[in-house]
Amino acid sequence: MRKRLRKPIKKEKDFSDKILKILAQSPNKGFNYKQIGAKLEVDDTQSRNQIIKDLKLLAAAKKIIETEPGKYLVKAISQDYYEGTIDMTGRKTAYFICPDFEEDVFIPTNNLNRALDKDKVKVYVYNRRKGKRPEGEVIEVVERAKTDFVGVIDIQKNFAFVSTANPKMYTDIFIPKDKIGEAEQGDVVLVHIEDWPKRADSPFGKVIKVLGKPGEHDTEIHAILAEYGLPAEFPIEVETFAQKIDTTIQESEIAKRRDMRDTLTFTIDPKDAKDFDDALSFKKLDNGNFEIGVHIADVSYYLEEGTILDDEAYQRATSVYLVDRVVPMLPEVLSNFACSLRPQEEKYTFSAIFELDAKAKVINQWFGRTVIFSDQRFAYEEAQYIIETKDNTIPIATSITGSSYVVADEIVEATLKLDQLAKILRRNRMNEGAISFDKVEVKFNLDQEGEPEGVYFKIAKDANHLIEEFMLLANRKVAEFIGKQKKTFVYRIHDEPNEDKLIAMQNVIAKFGYKIDFRNKGDISKSLNALMEEVSGKKEQNLIDTLAIRSMSKAKYSTENIGHYGLAFDYYSHFTSPIRRYPDVMVHRLLQYYLDGGKSVDEETYETKCLHSSTMEGLATNAERDSIKYMQVKYMQNHEDQEFLGVISGVTEWGIYVEIIENKCEGMVRIRDIKEDYYTFDEKQYALVGATSHDLLQLGDEIYVKVKNADLVKKQLDFNFIRRNN
């Protein structure tokens, strides 16, 4: 007798998660089982019965409330709903960053529900107790991180779309015909997102500015600024206000200040600098000690609180140093003239004056407003020449004047003594656990049209360290002076490094034979310094410098002092660059207010200002980095036929990143473009492995490459693999 086949038992559906989502999307509206069924687009009896059952179970579990018979509301505060930030990947998925979770919550593409990168969102989290990686769905966009985007416009008959080069922006922006403005097909434009209707695939926006044609130099630089919401010029009313400020030096004002015009004073700056923030004065005292004055442009004298000029400076918070231009925090009349400590001119300054003994120990200190006269302007190269040769004749090859000239003996003597003292200060800092990051800076020689003619590296030498040490001394002592009075102040803080990032860095540098000592905080800093010294001048230096900097916490501004890990200071602030940083202006104002006997100011007000300043600093840094990438791509575009020797700086499943040794330009060689073997990515070895030869392509290997594609808009380089360097 044949066995009767059993009908498979139909598994009951569980609608719990979907019900919670529906209720959460309308938290103030009650739903019955029919309305939920309609939302879920189910109308069969079994599904409806399951919905009724799930509603009762959720109510019993106190996840939802039965407000009247058969009507349900989501609980006002549910343990499965969280607020946090979206961090988009380049693959149209995201992670939800929230302090309530040790690991970030994965958000699949179809659960993003119109959230964009860095938006503040409310998320429903699944899999919290099932031992799986938590996943979430965006229930509400609480606050957009940004609504203005840069992209290229594609104009159709009745509408247009704008697509961005940002890999984290996963959607294009729909532009109705009447909101295209003056834009023409293919223009680079700045658009503002006005709305994102529920059933629309793309957000709706309007063109607010036409930036130019893709690939044109000015277009791309303005696009970088616009992408980060940074201004390209000052509003006319701010320029007019600045022009009307009386910048003459008045006897009545001098009388209120410490007069230091007769003390030997000079500046040391980059050769192309126009805004001279700081000057040093030097005097040998009768007791054998030295009086060193750190004199900083007295910006707060001209920049009055509550004016449109001050509002503009606060909004900008920092100058932006792009590859071919500076976008200043203050209009030129102040930044390059009135406040700039130019040679042979009297200037108002805010000063930190120290008496140092021969061992660079601070014996006395004084803070206050001064007037100075700068006797000499040096470029770093000229001061370096004096330090290296002890010669007082600057040769034509080094001189910024275009001809050879003789430096006064007293200035040579002062420079050499300041160098000695700076070296002691630096040595003491390192012994205290400070970390030395002398990362190589990439600079370009540009022609008159802004085209790159060559690349050079900026390396910090003794003259740079001389200025750095005295600026650090002033910043530290100002912060300590107020900090010990327990009054609200603006600190520059730096937390300890992230251990996970250090471990990840250790895994990479181990491939080069290096290691980090994790035993304690002091060992980490000593170990990092030893590493920096060991890699100096080697092909992997830039890679390891970059990894080390990324493993560090980000320095930021705060009223809450936790010290500065990287500098090994208990107190640290920014006092020395008020022409280009707004926090320094705040420090000057607070210092003078407290010197005048003022009571502690409101901490919350200044913490808000600190947060804004840190945010703007981050945007400026990103814009600066993008402008360098742009110029590197442009430079390589002009060298497409040339072979370059590079070092592998990254390995991924889709290819290798290669940094060219002679110019630090980085690009990608895709796996499919490596023809000598069939390569696959081995995660354990962090390398590409050849299927036939079993040869490895790994971090630090040298290979020859040629430019395959240079994309100015995306700021990306693709290379062709030529051969290994044997």
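Since the model is a prediction, treat every value here as computed from it, not as a measurement. (Residues numbered from 1 in each chain as written. Predicted model: local features only at pLDDT ≥ 70, side-chain atom pairs only at ≥ 80, totals over all residues. Heavy atoms only, no water.)

1. Here we look at unusual backbone geometry
Logical step 1: Here E41, not a glycine, exhibits a phi torsion of approximately 60 degrees, which is positive.
Logical step 2: Looking at where E41 falls in the secondary structure, it is placed in the loop between α2 (33-40) and α3 (45-60).
Logical step 3: Positive phi is not limited to glycine here, since N113 has a value of about 45 degrees.
Logical step 4: By secondary structure assignment, the location of N113 is in the loop between β5 (105-107) and β6 (120-126).
Logical step 5: Residue classification places N113 among the partly exposed positions, given a relative accessible area of 26%. (Helix = DSSP H or I, 4+ residues; strand = E, 2+ residues; numbered from the N terminus. Buried < 20%, exposed > 50% of the residue type's maximum accessible area, 1.4 Å probe, protein only.)

2. So, the packing of helix α12 (residues 462-483) against helix α16 (residues 582-595)
Logical step 1: Look at α12 against α16: their axes get within 11 Å of each other, and the N-to-C directions meet at 45 degrees. As far as their axial angle goes, α16 and α12 are oblique. Classified by chirality, the crossing of α16 by α12 is left-handed. The segment α12 lies against α16, with V478, F481 and I482 engaging V587, L591, Y594 and L595.
Logical step 2: Considered class by class, the residues forming the contact of α12 with α16 number seven nonpolar, no polar and no charged. (Axes fitted to C-alpha atoms, helices over the stretch in contact; angles between N-to-C directions. Parallel < 35°, antiparallel > 145°, perpendicular 65-115°, else oblique. Left-handed = near helix turned anticlockwise from the far one by under 90°. Contact = heavy atoms within 4.5 Å. Nonpolar A, V, L, I, M, F, W, Y, C, P; charged D, E, K, R; others polar.)

3. Details of a negative patch on the surface
Logical step 1: Taken together, the side chains of E560, D602, E603 and E604 present a region of like negative charge at the surface.
Logical step 2: Note that E603 resides in helix α17 (residues 603-637). (Patch = residues over 30% accessible without salt bridge, like charges linked within 9 Å, V, L, I, M, F, W, Y side chains within 5 Å. Areas by Shrake-Rupley, 256 points an atom, 1.4 Å probe, with all protein chains shown as cover. Salt bridge = Lys/Arg side-chain N within 4 Å of Asp/Glu carboxyl O. Lys, Arg positive; Asp, Glu negative; His and termini not counted. Charge placed at Lys NZ, Arg CZ, Asp CG, Glu CD.)

4. Re the packing of helix α1 (residues 16-25) against α3
Logical step 1: Two elements in contact, α1 and α3, have axes whose closest approach is 10 Å; the angle formed by their N-to-C orientations is 75 degrees. As judged from the angle between their axes, α1 and α3 are roughly perpendicular. Counted together, S16, I19 and L20 of α1 and I51, D54, L55 and L58 of α3 form the full contact between these two elements.
Logical step 2: Partitioned by chemical class, the residues of the contact of α1 with α3 number five nonpolar, one polar and one charged.

5. Thoughts on the packing of aromatic side chains
Logical step 1: Summed over the entire model, instances satisfying the criterion amount to 19 aromatic pairs.
Logical step 2: Pairing F367 with F481 gives two aromatic rings, centres 5.1 Å apart and planes at 50 degrees, and the pair type is tilted. Remark: F481 occurs in helix α12 and F367 occurs in strand β20 (residues 362-373); sequence separation between them is 114 residues.
Logical step 3: Given the relative accessible area of 8%, F367 is considered buried.
Logical step 4: Ring centres of F489 and Y491 lie 5.7 Å apart, and the angle between their planes is 75 degrees; this geometry places the pair in the edge-to-face category.
Logical step 5: Exposure remark for Y491: the relative accessible area of 4% places this residue in the buried category.
Logical step 6: Taken together through their ring pairs, the aromatic side chains of F159, F161, F174 and F204 make up a single cluster.
Logical step 7: The aromatic ring of Y301 is capped on one face by R257, whose charged end is 5.3 Å from the ring centroid. (Phe/Tyr/Trp six-rings, centres within 6.5 Å; stacked < 30°, edge-to-face > 60°. Lys NZ or Arg CZ within 6 Å of the ring centre and 35° of its normal.)

6. What about the sheet that holds strand β31 (residues 679-682)?
Logical step 1: On the basis of which strands lie adjacent, the open sheet formed by three strands has the order β31-β32-β33 and antiparallel pairing. Only two strands of the sheet have a single neighbouring strand rather than two, namely β31 and β33 (696-698). Strand-to-strand twist across the sheet, computed as the mean angle between neighbouring axes with direction ignored, equals 25 degrees.
Logical step 2: Summarising the sheet, strand β32 (residues 687-690) and β33 pair through three bridges and their orientation is antiparallel. The partner of L688 across the bridge, within β33, is L697. (Pairing = 2+ DSSP bridges.)

7. Focus on the confidence of the model for the protein chain
Logical step 1: Residues with a pLDDT of 70 or more make up 96% of the protein chain, whose mean pLDDT is 91.
Logical step 2: Considering only residues more than four positions removed or in separate chains, one finds that residues 1-11, a stretch of pLDDT under 50, has one contact. (pLDDT = per-residue confidence, 0-100.)

8. A short note on the sheet that holds strand β16 (residues 290-297)
Logical step 1: Taken together, the seven strands give an open sheet; going across it, the order is β13-β20-β19-β16-β15-β14-β21, and neighbouring strands pair in mixed fashion. Edge positions in the sheet fall to β13 (258-259) and β21 (376-379), since each has one partner strand and no second.
Logical step 2: Examined bridge by bridge, strand β14 (residues 265-269) and β21 share four bridges and lie parallel to one another. Among the inter-strand pairings, T267 is bridged to a residue of β21, identified as R377.

9. Section: the nonpolar core
Logical step 1: Core analysis: the biggest nonpolar cluster contains 147 residues, and F470 and I656 have the highest contact counts within it.
Logical step 2: Sequence-distant contacts of I656, defined by excluding residues within four places in its chain, comprise I648, G650, V651, G667, M668, V669, I674, L688, L697 and I703.
Logical step 3: Of all hydrophobic cores here, the second largest spans 31 residues; its members include L116, V162, V191 and I193. (Core = buried A, V, L, I, M, F, W, Y, C linked by side-chain atoms within 4.5 Å.)

10. Here we look at α16
One full turn of an α-helix is made of 3.6 residues, so residues set three or four places apart face in the same direction.
Logical step 1: Taking 1.5 Å per residue as the helical rise, α16 with its 14 residues ought to reach 20 Å, and the 20 Å between its terminal C-alpha atoms agrees with that figure.
Logical step 2: Of all 14 residues in α16, twelve are buried, a share of seventy percent or more.
Logical step 3: Among the residues of α16, Y582, P583, D584, V585, M586, V587, H588, R589, L590, L591, Q592 and Y594 are the ones counted as buried. (Expected span 1.5 Å × (residues − 1).)

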